[in-house]
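Single-letter residue listing:
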Amino acid sequence: MRTELFIGNAWRAATSGDTFEVVNPATEEVLAHVQHAGPADVDAAVVAARSCFDGAAWQSLAARKRGEMLYRAGELLAGRRDEMAALETKQNGKPLFESKIDVAMTVETLKYYAGWADKYAGHLVPVETGDFVFTDRVALGVVGAIVPWNFPLNLASWKFAPALAAGCTVILKPASETPLTALFMAEIMQEAGFPPGAFNVLPGGGSTTGSALVKHPGVDKISFTGSTAVGKQIMRDAAETVKRVTLELGGKSPNVIFADADLKAAIRGAQTGIFYGKGEVCAAGSRLLVERSVHDQVVEELAARAKKLTIGDPFDKNTRLGAVVSKKQQETVLAYVEAGKRDGAKLVAGGNPVTVNGKGYFVEATVFDQATPGMRIVDEEIFGPVLAVTTFDGVEDGIRLANQTIYGLAAGIWTKDVTKALTVARAIRAGTVWVNTYNLYDAGAPFGGFKQSGYGRDLGREALDGYTESKTVWIGLR
């Protein structure tokens, strides 16, 4: 298990010598003491990334060769998937079966962008003068990728894979709670053949390492996934050097169940939408909007399902709800539970902290009924296994409530009526709308938010737009 900084294909201690603990949230065991990158280390990583980007070897490297290295990285990761998944579960607390899905999705992302590396290009522009004019897509330069702790490896790949495919070099700053799989990935990237400086990893805190990366004049682009509050600060700091910024921020996504839905499927989807990943999912369907005529049935069955979700050792194959990522996050989630009670919502399932063998930061699957806009559990992102159920009457009311939020990351719609589904999907202001399903992702499907859920897109062809500039070349023919 590597615990050092990874800069220019070399492992090194932090200049300051500072370290921080990484704790297994399910057992409270200290997994590692990891080197904490400071401003001097950020400088060193920027120098390495810039030297690589500007160097003849990287600039002359055929795009297809970059693609081959990304594909090789995917193959290497697939070969070590069990080891990587186990490490992800140890540092994050999620059930092992979820970590295995995360690793598989990361492999898919690497191979997907491997295929794009030599296919993303500009186009010819017909102009009135008859001259020969075309656009070129050129790599931005050095990219700082700052990722959260909920899907540590997978979300990192959403950023570094398209950035490398586009020809950028990358400095990855993982969350301080979950840096170990990013460091493991550095070993794989080096083995895949990426030259020194193409891929660097700087563990550390957001207010120190992350802030230094955002403010550094040698970084051309910041791609960030995390809270809206931090995203706003990144925008302010990036403005000083007019950095390009992509932000995938918070969410309070509506999951809308109409009376004509397949209720069995909708209830399963509502459960998955909030309790998969312990609710630590940006796009979690944390607001369940249920049409009045089926409200009682949905809430009763969903509460019963929540009470049956198995909390336990994340390595036990029967466990379906792991530990939230830290003691601090457990306290945050429980504070929201108390706020829901005070605001008058009806607690129908869960709401309590749990331990396994006397240890760990677990929270029961929690369902509140009679939740209304204005309550904190309805308006604010909790990032935990807490669902707020609100009743609505008819299509217009459902759309109104779905859009009654500062966020716009995702939404779900459950109905057998195709016209209704398309009408509501168009009306909801969200970057992803699932119909009769929830929480599905694919490397080819762009993902990102409206409103205060951010701007720019991860995944798909659209992600490549965020790591390149368009250059127009005009050749006079007279």
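Heads up: these notes are all about the structure in this document. (Residues numbered from 1 in each chain as written. Predicted model: local features only at pLDDT ≥ 70, side-chain atom pairs only at ≥ 80, totals over all residues. Heavy atoms only, no water.)

### Topic: the overall build of the protein chain
Helices and strands together make up the secondary structure of the protein chain, namely 16 helices and 23 strands. For 478 residues, the compact-globule estimate of 2.2 N^0.38 gives 23 Å, and the protein chain sits close to it at 23 Å. Dimensions of the protein chain, computed from C-alpha atoms along their principal axes, come out at roughly 70 × 60 × 40 Å. Relative to its 478 residues, the protein chain shows a buried fraction of 58%. Considering only intrachain contacts with a sequence separation of at least 6, the fraction spanning at least 24 residues in the protein chain is 74%. Here the protein chain has roughly 18,700 Å² of accessible surface; of this, 52% comes from carbon and sulfur atoms. Across the protein chain, the centroid of the 51 positively charged side chains sits 1 Å from that of the 53 negatively charged ones. (Helix = DSSP H or I, 4+ residues; strand = E, 2+ residues; numbered from the N terminus. Rg over C-alpha atoms; globule rule 2.2 N^0.38 Å. Buried < 20%, exposed > 50% of the residue type's maximum accessible area, 1.4 Å probe, protein only. Contact = heavy atoms within 4.5 Å. Areas by Shrake-Rupley, 256 points an atom, 1.4 Å probe, with all protein chains shown as cover. Lys, Arg positive; Asp, Glu negative; His and termini not counted. Charge placed at Lys NZ, Arg CZ, Asp CG, Glu CD.)

### Concerning empty space enclosed by the protein
Tallied over the entire structure, the rule returns three cavities of 30 Å³ or more. If you add up the space inside the largest cavity, you get close to 70 Å³. For the largest cavity, the lining is made up of 15 residues, of which V281, A284, S286, E381 and F383 are closest to its centre. Considering only residue class, the lining of the largest cavity consists of eight nonpolar, five polar and two charged. (1 Å grid on protein atoms, 1.4 Å probe; cavity = no way out; pocket = protein on both sides within 12 Å on 5 of 7 lines; lining within 4 Å. Points joined across faces, edges and corners; volume = space filled by probe spheres on them. Nonpolar A, V, L, I, M, F, W, Y, C, P; charged D, E, K, R; others polar.)

### Comments concerning helix α11 (residues 295–308)
With 14 residues, α11 ought to run about 20 Å at 1.5 Å a step, and its terminal C-alpha atoms sit 20 Å apart, in line with that. If you check which residues of α11 are buried, you get H295, V298, V299, L302, A303 and A306. Projected down its long axis, α11 carries its buried residues within an arc of 120 degrees, all on one side. For α11, the exposed residues lying more than 90 degrees away from the buried face are D296, E300, K307 and K308. Tucked inside the fold, the buried residues of α11 contact β11 (254–257), α10 (263–275), β12 (287–291), β13 (346–349), β16 (366–369) and β17 (386–392). (Expected span 1.5 Å × (residues − 1). Arc of directions from axis to C-beta.)

### Structural notes on the nonpolar core
With 101 residues, the main nonpolar core has L164 and M185 as its most contacted residues. If you tally residues by element for this core, the top one is helix α6 (residues 152–166), at 10 residues. If you look at the next biggest cluster of nonpolar residues, it comprises 24 residues, including V46, V142, L202 and I222. (Core = buried A, V, L, I, M, F, W, Y, C linked by side-chain atoms within 4.5 Å.)

### Details of the environment of F134
Residue position: F134 is located in strand β5 (residues 132–139). On a C-alpha basis, the gap between F134 and G384 in space is 49 Å, while along the polypeptide they are 250 residues apart. The contacts of F134, once residues within four sequence positions are left out, are H123, L124, V125, K471, T472, V473 and I475.

### A look at a nonpolar patch on the surface
Taken together, L124, F132, I475 and L477 make up a surface patch of nonpolar side chains, about 380 Å² in accessible area. Here I475 shows up in strand β23 (residues 468–475). What makes I475 partly exposed here is its relative accessible area of 36%. (Patch = residues over 30% accessible without salt bridge, like charges linked within 9 Å, V, L, I, M, F, W, Y side chains within 5 Å. Salt bridge = Lys/Arg side-chain N within 4 Å of Asp/Glu carboxyl O.)

### Some thoughts on the pattern of salt bridges
Throughout the structure, instances matching the rule amount to 17 salt bridges. The residue R50 makes a salt bridge to D220 at a minimum N-O spacing of 2.5 Å. Residue R50 is located in helix α1 (residues 39–54), and its partner D220 is located in the loop between α8 (206–215) and β9 (221–225); the two are separated by 170 residues in the primary sequence. Put simply, E280 and K278 hold a salt bridge, and the shortest N to O gap is 2.8 Å. Of the two residues examined, E280 and K278, each falls in the buried class. Each of R64, D118 and K119 takes part in salt bridges that share partners, so that together they form one network.

### Some points on the sheet that holds β11
Spatial ordering of the open sheet is given by β13-β16-β17-β12-β11-β19-β20, a layout of seven strands whose pairing is mixed. Lying at the two open borders of the sheet, with one neighbouring strand each, are β13 and β20 (432–435). Along the sheet, successive strands turn relative to each other by an average axial angle of 25 degrees, direction set aside. (Pairing = 2+ DSSP bridges. Axes fitted to C-alpha atoms, helices over the stretch in contact; angles between N-to-C directions.)

### A word on the side chain of T246
Looking at the secondary structure, you find T246 in strand β10 (residues 244–248). T246 gets classed as buried once you look at its relative accessible area, which sits at 7%. Within the local environment of T246, its side chain forms a polar contact with the side chain of K221, the two groups lying 2.9 Å apart. T246 has contacts with K221, I222, S223, F224, Y455, G456 and R457, leaving out every residue within four places of it along the chain. (Polar contact = N/O pair within 3.5 Å; in protein donor to acceptor, adjacent residues only side chain to side chain.)

### Some details on the packing of helix α3 (residues 63–79) against α6
Packing of α3 against α6 leaves a shortest axis separation of 9 Å and a crossing angle of 160 degrees. It follows that α3 is roughly antiparallel to α6 by the angle criterion. Taken as a pair, α3 and α6 cross one another with a handedness that is right-handed. Along the contact surface, α3 presents R66, L70 and L77, while α6 presents L153, A161, L164, A165 and A166. (Parallel < 35°, antiparallel > 145°, perpendicular 65-115°, else oblique. Left-handed = near helix turned anticlockwise from the far one by under 90°.)

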